Amino acid sequence: MKKWTVPSVLFLLCLLFLLPDQGRKLNVNAEAESEELVDPPKIEDKLGAVPHGLSTDSDVAQREAESISRKNLRSNAQKFEFQAEVSRLMDILINSLYSNKDIFLRELISNASDALDKIRFLSLTDKEILGEGDDATLEIQIKLDKEKKILSIRDRGIGMTKEDLIKNLGTIAKSGTSAFVEKMQTSGDLNLIGQFGVGFYSVYLVADYVEVISKHNDDKQHVWESKADGAFAISEDTWNEPLGRGTEIRLHLRDEAGEYAEEAKLKELVKKYSEFINFPIRLWASKEVDVEVPSDEDDSSEEEEKTEETSTEEEGEDDDSEKGEDEDEKKSKTKTVKETTYEWELLNDVKAIWLRSPKEVTDEEYAKFYKSLAKDFSDEKPLAWSHFNAEGDVEFKSVLFVPPKAPQDLYESYYNANKSNLKLYVRRVFISDEFDELLPKYLSFLMGLVDSDTLPLNVSREMLQQHSSLKTIKKKLIRKALDMIRKIADEDPDESNDKEKKDVEESDDNDEKKGQYTKFWNEFGKSIKLGIIEDAANRNRLAKLLRFESTKSDGKLASLDQYIKRMKSGQKDIFYITGTTKEQLEKSPFLERLIKKNYEVIFFTDPVDEYLMQYLMDYEDKKFQNVSKEGLKLGKDSKGKELKESFKDLTKWWKGILASENVDDVKISNRLSDSPCVVVTSKYGWSSNMERIMQSQTLSDASKQAYMRGKRVLEINPRHPIIKELQERVVKDPEDTTVKQTAELMYQTALMESGFVLSDPKDFASRIYGQVKSSLNISPDAAAEEEEDVEVEAEAESKTSEEADPSKEEDLDVKDEL
């Protein structure tokens, strides 16, 4: 016994090691074998059949109907258990992982495209691998059975052997595509998408029973089937039509997934996610056509009786009329009815132009592609486009468009909207447009797409991983986008200088490009300003795209480069002023001396300009200076010190008078020419325009605004007659009440003219009325006459009216009688 003990133990251990860890195979019993169909046709015998299942073999059709109607695993199939990780994956996937069920079709089409890419690549070295006839046609077919709620996706790709079905669909991280890529590392253009196994399991979002029928050139046709219950089965396919080569996936849709049994829904999903797949995608779609059919017998008999009666009444007519009647009778025996027919409809007819060289694509093709991408069916072309290939650590292709018009809600939900106009594709498969990692908010108006071959995706393919390559792509996209916008300005004749106009006018498309940048600025200028605020790294590039009107632009838009070229010699600052309208700013007292000295001043009238200038501090080593704030320098004034000394008494006295008005100082002004005085703010505080903007905010806090208000400074014009007269009167009698009231009134007037909001409009109005009285020699104490009591007069008038109208008394008498 001891001699046999050791060998037997070793034999048992060998048996245990030979057993597989995963996918334990169950033997089929004899009763199950008896249920097998009698003499089914072999796959080898039907290789000449039509691959897409249009055979008229009634036996095959009956067997196929029986197999797909019961939704049970075939009894003669080999049963396997899913790998434990796959079971957990499907449970997570069906219940929580995918938030959008629509992506299942995208995944299946992507997998079909993978299989077609593989067979196409292998055919480069072995042309016989494709076969002949329909097998050589590389396309994806979608077919729908509404009654049985079965959706089929068929490809003529490389197909899968029995072993491939077990590995790829039963074990996670065993990807046929990834293994193929590792094997074919020397290839030039594989264009293979992601891992097959993971994306496939999305079918269980919409189906409760799935069949995968596949035929590889090196194996027989097999069927993989599963109900997502932890097990799957594989059997040799003797029920279905032979595929020739490729894979067909049949989804038995759930009851709650009925929307995917509609042709319109399938067309929508293909257009959205798989429009640019490299292979044709066709749908077996219904179509109504007019067909002439024979009319009913009853109708024909009645028509014959009528024709007989008319023939007896018209015996005298000639033979020509009889022939005409015979023709009418023939026509009356047929009628037109609508009949439903089916045909293969191509769903992805728009070509992926970004895969071609930019030199090969015409302007008309770019315009057509833009209309398809943006769903814009107007006659207007995009203002500009940029088509480029990026190489390096991250490779991608991109096409960007500047739309001809801005959406109405572009800035209404600027900081809340998540949807972007930039679509992300991976090997021509749409991934998402609901992220802003690739373009900043201020460039969200751009239309376009990015197609990357190297961008990593997460398990569900619904959103991008936080990957360093995104930053590289974003940086290149921003640079290309800004270059594209700048090109609009460079090619616009209105933007060129006088010396450059001659060269630009020689171009053929001069008229077409004229005024294009003005059109762009009117539509998207605010986005450029927001970019200057938000994007510090590209602030200087964006500043070159900035446009404005100025005192020397003659109603046209000007750039900062043009402003600098027109600057006076010795001018160190770029002068600007903010306000509500250009017309209002042109009359501002802040510009008086600047205009007389031939300085150019920029007009900023957009509310966002106030925020803009807090970030745009300088340009080309030139500082920006708000002419409504203190610190304005207009060269040296030889009499500045003398004037300051001579008006020292007035400025000191006036400062004391305005102590209660929060006035920080009273100074001699170097910016006034015709006005007597003006109110300016401190250099780093709010301007009058900014104060007005903040006060109009719905959720503004008045107590907090006090910290940001600039200190107010009253600047006076020493050359103005009013100021000179005040100087004399103050020297004579500093306590003169009339002079004090005049000084306060002048400050309030200057405050209002400088754009500030008066804190006490009633006091200002009272002072104005007092001055009017004085000018009309009316006593300051004179008051308005009191109104007489009119109640008694009103009663008397009502009595007289009643006496004058006796009809009212008669009406009262009638009412009393009733």
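Residues numbered from 1 in each chain as written. Predicted model: local features only at pLDDT ≥ 70, side-chain atom pairs only at ≥ 80, totals over all residues. Heavy atoms only, no water.

## Side note on the overall build of the chain
Part 1: Scanning the chain for helices and strands turns up 30 helices and 22 strands.
Part 2: Of all 818 residues assigned to the chain, the portion counted as buried reaches 43%.
Part 3: Of all intrachain contacts in the chain linking residues separated by at least 6 positions in sequence, the fraction that spans at least 24 positions is 74%.
Part 4: For the chain, the computed accessible surface area is about 46,400 Å², with 48% contributed by carbon and sulfur atoms. (Helix = DSSP H or I, 4+ residues; strand = E, 2+ residues; numbered from the N terminus. Buried < 20%, exposed > 50% of the residue type's maximum accessible area, 1.4 Å probe, protein only. Contact = heavy atoms within 4.5 Å. Areas by Shrake-Rupley, 256 points an atom, 1.4 Å probe, with all protein chains shown as cover.)

## Remarks on the pattern of salt bridges
For side chains bearing opposite charge, pairing can occur when the charged atoms are close.
Part 1: Scanning the entire structure with this criterion turns up 31 salt bridges.
Part 2: Of the charged contacts in the structure, one is a salt bridge between Asp 763 and Arg 767, with a shortest N-O distance of 3.0 Å. Placement of the pair is Asp 763 and Arg 767 together in helix H28 (residues 761-775), with a separation of 4 residues, close to one helical turn.
Part 3: With a relative accessible area of 25%, Asp 763 lands in the partly exposed category.
Part 4: Look at the salt bridges and you will find they share partners, linking Asp 102, Glu 259 and Lys 265 into a network. (Salt bridge = Lys/Arg side-chain N within 4 Å of Asp/Glu carboxyl O.)

## Here's the deal with the packing of helix H23 (residues 648-657) against helix H27 (residues 737-753)
Part 1: Two numbers describe how H23 lies on H27: the axes approach to 10 Å, and their chain directions differ by 80 degrees. Our classification of the angle between H23 and H27 gives roughly perpendicular. Facing Trp 653, Trp 654 and Ile 657 of H23, the residues of H27 in contact are Val 739, Lys 740, Ala 743, Glu 744 and Met 746.
Part 2: Classifying every residue of the contact of H23 with H27 gives 6 nonpolar, no polar and 2 charged. (Axes fitted to C-alpha atoms, helices over the stretch in contact; angles between N-to-C directions. Parallel < 35°, antiparallel > 145°, perpendicular 65-115°, else oblique. Nonpolar A, V, L, I, M, F, W, Y, C, P; charged D, E, K, R; others polar.)

## Some points on the pairing of strand S11 (residues 396-402)
Part 1: Counting buried positions over the 7 residues of S11 gives 6, a clear majority of the element.
Part 2: One ladder, built from 7 bridges, connects strand S10 (residues 384-390) with S11; its direction is antiparallel. Counterpart to Ala 384 in the pairing with S11 is Val 402.
Part 3: Between the end of S10 and the start of S11, which pair antiparallel, lie 5 residues, with Gly 392 showing a positive phi angle near 135 degrees.
Part 4: Where S11 meets strand S14 (residues 447-452), 6 bridges bridge the pair, whose relative direction is antiparallel. (Pairing = 2+ DSSP bridges.)

## Section: the nonpolar core
Part 1: Val 402 and Leu 477 are the most contacted members of the largest nonpolar core, which totals 73 residues.
Part 2: Per-element tally for this core: the top contributor is helix H13 (residues 468-490), with 10 residues.
Part 3: Core analysis: the next-biggest nonpolar cluster, separate from the first, contains 67 residues, Leu 130, Val 210, Ala 352 and Phe 369 among them. (Core = buried A, V, L, I, M, F, W, Y, C linked by side-chain atoms within 4.5 Å.)

## Things to note about the confidence of the model for the chain
Part 1: Looking at the chain as a whole, its pLDDT mean stands at 76, while 70% of the residues score no less than 70.
Part 2: The spread of mean pLDDT over the elements of the chain runs between helix H2 (residues 30-34), the lowest at 36, and strand S17 (residues 601-604), the highest at 96.
Part 3: Confidence drops under a pLDDT of 50 for residues 498-502, and excluding neighbours within four residues, the segment shows 2 contacts in the predicted structure.
Part 4: Within the model, pLDDT remains below 50 along residues 808-818, and this stretch shows 1 contact once partners closer than five positions in the same chain are excluded. (pLDDT = per-residue confidence, 0-100.)

## Details of the side chain of Thr 578
Part 1: By the element assignment, Thr 578 lies in strand S16 (residues 573-578).
Part 2: Thr 578 sits in the buried class, given a relative accessible area of 8%.
Part 3: A polar atom in the side chain of Thr 578 sits 2.5 Å from the side chain of Glu 610.
Part 4: In contact with Thr 578, other than residues within four places in its own chain, are Leu 585, Phe 604, Glu 610, Asn 626, Ser 687 and Asn 689. (Polar contact = N/O pair within 3.5 Å; in protein donor to acceptor, adjacent residues only side chain to side chain.)

## Let's talk about the sheet that holds strand S20 (residues 663-668)
Part 1: The 3 strands lie next to each other as S20-S22-S21, forming an open sheet whose pairing is mixed. With one partner strand each, in any of the chains shown, S20 and strand S21 (677-681) form the two edges of the open sheet. Across the sheet, the mean angle separating the axes of adjacent strands is 25 degrees when strand polarity is ignored.
Part 2: For S21 and strand S22 (residues 712-716), the ladder comprises 5 bridges, and the chain directions are antiparallel. By the bridge assignment, Val 678 is partnered in S22 with Glu 715.
Part 3: H27 rests against S20, S21 and S22 of the sheet, and its axis sits at about 60 degrees to S21.

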